[in-house]
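Listed below, chain by chain, are the residues.
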Amino acid sequence: MKADTVGKAIAIALFVIIVASSVCFVFTYDDDSDEFYQSEKIEFTQIGDSLDGTIKVDIKQLGLDKDAGNVKYSITRSDFDVALDADLDPSGTISVSVPFHGRYTLELKFTSGGTAQTEKMSIDFSASHYNFIITNATLPVTMSMTKAFIDENGYTYVRLERGATFEWSELPYDIRPFPTQYQDRTGTITTGQRWLSPGESVIMIAYVKELCMLNPDATFAWSISENYSRWSYGTLLAAGVPVDQMTINIYADGVNWSSSFVGQGMYNQTTYETQVAATKARIDDIIAKVQDGIDQSFGYTEDWKDTWVLGEVLPEYGISVNYYCFEVTKNAVMKRIDSLPDGEWKTKLLDLMSTYVVGGDLSERYDTLSAIPDRLQYYERTFRLAWDEGGVEVHFTADSSNPALIILGTAPGPPLSGMGETSAEMGGGTFREYMEWAVATYGSTHTIYYKGHPGWPVDPNNAYFKDEFGPGVTRLDWFEANGVIILPYPTPAEVYFFVSDDVYGGGYWSSTFNSVDPPNVLFAFGTVAYIQGIAGANYEVFISAGMLIVNKPYLDSL
């Protein structure tokens, strides 16, 4: 079954208040409405699929042979200014650049014969292929953005929740923030953590509709983390993208992989088939509403319940789908499937895994990226590896003969969502006890780094740190006295583990460990029971793959 191709564009004006910036974005587009302007006196040419173009003004028709310098122009998108007024070049040529594809309004203001006049024209920037990365967490972003920095197929638009984790001040020209992340008319990018809402979903559907209107043959690759699967295919279908022009790419850190793929039905044929039927019903409903002209929206929901059946369901509709994870994760699940009794169900699962799931190693991508110097520079800045003002610098580059040991932290206490660094939460040990053990055990053989969670820096003003290592001895005091180096907390920890082979990990359980080669995981804070509890199904899966081997220290006692 295929969705109808995009027909005549329907006029739609959408107002969405973006909470993080309190800015109202208005998207209006309809080639039959009053918002579409034509002019025989202005000619616009887009340069390829780029965001650059040339505007040629017929000075004679405007009666401006001697008055070209009096012409002012602006480029706007609804109430969003893209360019400030500027003098027209005497030749009548204007070189323009815009921050993202779509329909804009060019407005010329000039004086001719002593009379002020205005000339308007709509100018369209379209492309043949668009990549969208709409994801949360850090590992899926690390994986998808690494691929984006390597690939040069079309333009990439990125919408992240943890905006503060990444540096967006400078990006390659073909990687752009999603339009809703522009905070104001100067192009400032919003950085706060923001979950997707149904309201923002409406704006994204409208924007994709617009891109389809400008180029009905455009193709779309939609890259997401697991919990946005329903939202992603729903957005493309609701926007009217033909199914054979869309691809869904899913990036996973392995957490929901284990709990959903292993724990919620892939090993129960009845549950799996029930989910297949439910997902098909949702897709059919979306397509039916599109055909009936009903507007739709999608919010942040438990979309990973759809994720594990998309490899079977979406291709039936003509939609391409890929699932990307680490090779160790894929191998662990394949190993578990292989332990099932021989039969049709086992064969089906192995075939689905083989055709649907793409394993890989991020270090291989980084090596590829390293061969593209300009892209590597942008990438390191984006992921805050270029933290120092002096230039690009990975923080544990060989200033020590010892390998690096990165200890992962979590939220400072009191417990936040079950993640606080307290004795009860961490299997009987305190952060102080665990760190003292780690430094005593590895301090002479490794250079020890501490990497806090992206949401919680080591803040000396945090009351929790004040007497953490004794009366008046803060965490910062103890780190400095014991040679523990603090890594920039916003940087995704996964990045550090694949820019070098000689980096080891320890600390509180984290999905980050899913990105580390098994021999490089040295320990985890807490008891075996605690690790099993917080890691869930991951514990069994990764033990079976050689990850977090049982005889490694879990610090049952200190």
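Here, the structure is the one placed above.
Rules behind the numbers
- Residues numbered from 1 in each chain as written.
- Predicted model: local features only at pLDDT ≥ 70, side-chain atom pairs only at ≥ 80, totals over all residues.
- Heavy atoms only, no water.
- Helix = DSSP H or I, 4+ residues; strand = E, 2+ residues; numbered from the N terminus.
- Buried < 20%, exposed > 50% of the residue type's maximum accessible area, 1.4 Å probe, protein only.
- Contact = heavy atoms within 4.5 Å.
- Pairing = 2+ DSSP bridges.
- Axes fitted to C-alpha atoms, helices over the stretch in contact; angles between N-to-C directions.
- Salt bridge = Lys/Arg side-chain N within 4 Å of Asp/Glu carboxyl O.
- Core = buried A, V, L, I, M, F, W, Y, C linked by side-chain atoms within 4.5 Å.

Trainee: In this structure, what is going on with the overall build of the chain? I would like to understand it.
Mentor: A tally of regular secondary structure across the chain gives 16 helices and 20 strands. By residue count, 54% of the 558 residues in the chain fall in the buried class. Taking the intrachain contacts of the chain between residues at least 6 apart in sequence as the baseline, contacts between residues at least 24 apart amount to 72%.

Trainee: How should I be thinking about the sheet that holds strand β17 (residues 404-408) in this particular structure?
Mentor: In a beta sheet, neighbouring strands are held together by backbone hydrogen bonds and run either parallel or antiparallel to one another. Spatially, the 4 strands line up as an open sheet ordered β19-β18-β17-β20, and their pairing is parallel. For this open sheet the edge positions go to β19 (485-486) and β20 (503-507), each flanked by a neighbour on one side alone. In this sheet, β19 lies alongside strand β18 (residues 447-451) in parallel orientation, the contact comprising 2 bridges. Bridging from a neighbouring strand, Tyr450 pairs with Ile486 of β19. Across the sheet, helix α12 (residues 431-442) touches β17 and β18, and the angle it forms with β18 is around 155°.

Trainee: Looking at this model, I keep getting lost on the pattern of salt bridges. Mind explaining?
Mentor: Note on pairing: side chains with opposite charge can pair once their charged atoms come close. For the coordinates displayed, the defined rule picks out 14 salt bridges. Here Lys289 and Asp285 are joined by a salt bridge, their closest N and O atoms 3.2 Å apart. Taken together, the positions of Lys289 and Asp285, both in helix α5 (residues 269-291) and 4 residues apart, correspond to about one turn of that helix. For Lys348, the salt bridge is made with Glu312, and the minimal N-O distance between the two is 3.0 Å. Pair noted here: Lys348 is in helix α9 (residues 344-356) and Glu312 is in helix α7 (residues 310-316), with a separation of 36 residues, a long-range link. Classification of Lys348 as partly exposed rests on a relative accessible area of 32%. In the salt-bridge network here, residues are joined through shared partners; they are Glu107, Lys109 and Lys120.

Trainee: Even after reading the chapter, I still don't get the nonpolar core, so can you show me in this structure?
Mentor: Considering soluble globular proteins, one finds that nonpolar side chains tend to be buried as a cluster. With 75 residues, the main nonpolar core has Leu108, Phe132, Phe220 and Ile248 as its most contacted residues. With 7 residues, helix α2 (residues 198-214) is the single largest residue contributor to this core. Not counting residues up to four positions away in its chain, the partners in contact with Ile248 are Trp222, Ile224, Ser232, Tyr233, Leu236, Leu314, Ile319, Ser320, Val321 and Asn322. In this structure, Ile133, Ile150, Tyr366 and Val503 belong to the second largest nonpolar core, which totals 40 residues.

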